[in-house]
Amino acid sequence: MSSPFELGLDTFGDATRDANGKPMPLAKVLRDVIDEAVLADELGVDFFGVGEHHRPDFAISAPEVLLGAIAGRTKRIKLGTAVTVLSSDDPVRVFQRFATLDAASNGRAEIILGRGSFTESFPLFGYSLDDYETLFEEKLEIFARLLEYNRSDEPVSWEGTTREPLVRQRVFPTTESGRLSTWIGVGGSPESVVRAARYGLPLTLAIIGGDPRRFAPFVALYHRALEQLGKPRLPVGVHSPGHIADSDAQAREELWPNYADMRNRIGAERGWPPTSRAEFEHEIESGSLYVGAPDTVARKIAATVQGLGFSRFDMKYSAGTLSHDKMMRSIELYGREVMPRVRQLLAREPVPAA
């Protein structure tokens, strides 16, 4: 492989329920996420990501604050987002917050920038969806210039339509290393893939449904674009949902009602028909749900990585109201059994260059 292979976990802080079916306070959900991250660190997981949302079914709206709390209780795990919605934030403040997190965590901060799959943040922070494309493009341009400033100490100048110009502006703090690991999160549009290549930033693909092999053209497009732009080969990661239990049957039974509730709630907002158990089973067998006993999940992860040439696989281990204790067990099995098995499988059959 052209870069070290990593295995991570991420969560949106999905709102859970107690044993009686009563919704847990979101404050308790956030504290549970901290405990989940601590366990992941103890088990040697490479990366822990938290996604930003602004709606009642997800608790995490201020990821950097939560990651700061996690940084204080962990030692080695990389800490980042999945995703930071740059379009409805200020890129200068995003940079400052992550540079601060990088200092607090001794260089472990990462960021995945994206447009997000929900739109609640736009009216919440006073942005128009009519400017959806322009906001992301201009703010990503600013952020890229801040990354260059972080490397070179050359002040930032920028002019566009979404904010006042920056004129030889310095921003504080910068990172101690002069680097801030920054990825572009993409849901599957060729334009977004090429944009990541244009800015010379690693790519993370959100593969949440269907056969993951259908994303092979996007991986090839990304590397081709990098080559044509004269940029070095960069990592590609994937984010997909999953759940691990002691047996395949147990994992499916634990996840199904929570998965169906989440899928149907979001689907109703988007005009999708209700899901079915058959669809759920098909996603496990042939799609992008990594569900089962440790060996089952490890084999599926390895097959995806080998088929597409990824440098990192992040499993979204939270799903709707799936309980904290079941998520902790899933994390334990991921770290103790899945990760070593995946590495064994990849050692036998190296990942081809994409």
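Residues numbered from 1 in each chain as written. Predicted model: local features only at pLDDT ≥ 70, side-chain atom pairs only at ≥ 80, totals over all residues. Heavy atoms only, no water.

S.K.: Can you walk me through the pattern of salt bridges in this structure?
M.R.: Where charged atoms from two side chains of opposite charge come close, those side chains can pair. As enumerated under the stated definition, the model contains 37 salt bridges in all. Across the pair Arg-195 and Glu-137 runs a salt bridge whose closest N-O atoms are separated by 3.0 Å. Here the residue Arg-195 occupies a position in helix α6 (residues 190-198), and Glu-137 occupies one in helix α5 (residues 132-152), the gap between them amounting to 58 residues. Arg-195 sits in the buried class, given a relative accessible area of 7%. You can call Glu-137 partly exposed: its relative accessible area is 24%. Overlapping salt bridges bring together Arg-55, Asp-57, Glu-120, Asp-261, Arg-265 and Glu-269 as one network. (Salt bridge = Lys/Arg side-chain N within 4 Å of Asp/Glu carboxyl O. Helix = DSSP H or I, 4+ residues; strand = E, 2+ residues; numbered from the N terminus. Buried < 20%, exposed > 50% of the residue type's maximum accessible area, 1.4 Å probe, protein only.)

S.K.: Sorry if this is basic, but what is going on with the packing of aromatic side chains here?
M.R.: For any pair of aromatic rings, geometry is given as the distance between the ring centres together with the angle between the planes. The final tally for this structure, using the stated rule, is nine aromatic pairs. Seen from their ring centres, Tyr-259 and Phe-280 are 5.2 Å apart, and the 45° between their planes marks the pair as tilted. Of the two residues, Tyr-259 is situated in helix α8 (residues 248-270) and Phe-280 in helix α9 (residues 277-286); the sequence distance between them amounts to 21 residues. Three or more aromatic residues link up through ring pairs in this structure, and these residues are Phe-12, Phe-58 and Phe-118. For the cation-ring pair, Lys-300 lies above Tyr-290, with the distance from its terminal atom to the ring centre recorded as 5.0 Å. Here Lys-316 stacks its cationic end above the ring of Phe-12, 4.8 Å away from the centre of that ring. (Phe/Tyr/Trp six-rings, centres within 6.5 Å; stacked < 30°, edge-to-face > 60°. Lys NZ or Arg CZ within 6 Å of the ring centre and 35° of its normal.)

S.K.: I would appreciate a short explanation of the layout of surface pockets in the present structure.
M.R.: The gaps left among the atoms become clear once a water-sized probe is rolled over them. The space that makes up the second largest pocket amounts to roughly 730 Å³. Sorting the residues of the lining of the second largest pocket by element identifies α5 and β8 (181-186) as the ones contributing at least two each. With five residues, the single largest contributor to the lining of the second largest pocket is α5. Here the residues of the lining of the second largest pocket sort into 11 nonpolar, 10 polar and 10 charged. (1 Å grid on protein atoms, 1.4 Å probe; cavity = no way out; pocket = protein on both sides within 12 Å on 5 of 7 lines; lining within 4 Å. Points joined across faces, edges and corners; volume = space filled by probe spheres on them. Nonpolar A, V, L, I, M, F, W, Y, C, P; charged D, E, K, R; others polar.)

S.K.: It is not clear to me how the side chain of Arg-341 should be interpreted in this structure. Could you clarify?
M.R.: Positionally, Arg-341 belongs in helix α11 (residues 324-348). Only 3.0 Å separates the side chain of Arg-341 from the side chain of Asp-295, close enough to count as a polar contact. Apart from residues no more than four positions distant in its own chain, Arg-341 is found in contact with Asp-295, Ala-298, Arg-299 and Arg-348. (Polar contact = N/O pair within 3.5 Å; in protein donor to acceptor, adjacent residues only side chain to side chain. Contact = heavy atoms within 4.5 Å.)

S.K.: Teacher, can you tell me more about empty space enclosed by the protein here?
M.R.: Evaluation of the coordinates by the stated rule reveals one cavity of 30 Å³ or more. Computed from the structure, the largest cavity encloses a volume of approximately 50 Å³. Along the walls of the largest cavity sit Thr-11, Gly-13, Asp-14, Thr-16, Val-29, Asp-32, Val-33, Glu-36, Ser-318, His-324 and Met-327, which together make up its complete lining. Those elements giving two or more residues to the lining of the largest cavity turn out to be α1 (26-42) and α11. When residues of the lining of the largest cavity are assigned to their parent elements, the largest contribution, four residues, is made by α1.

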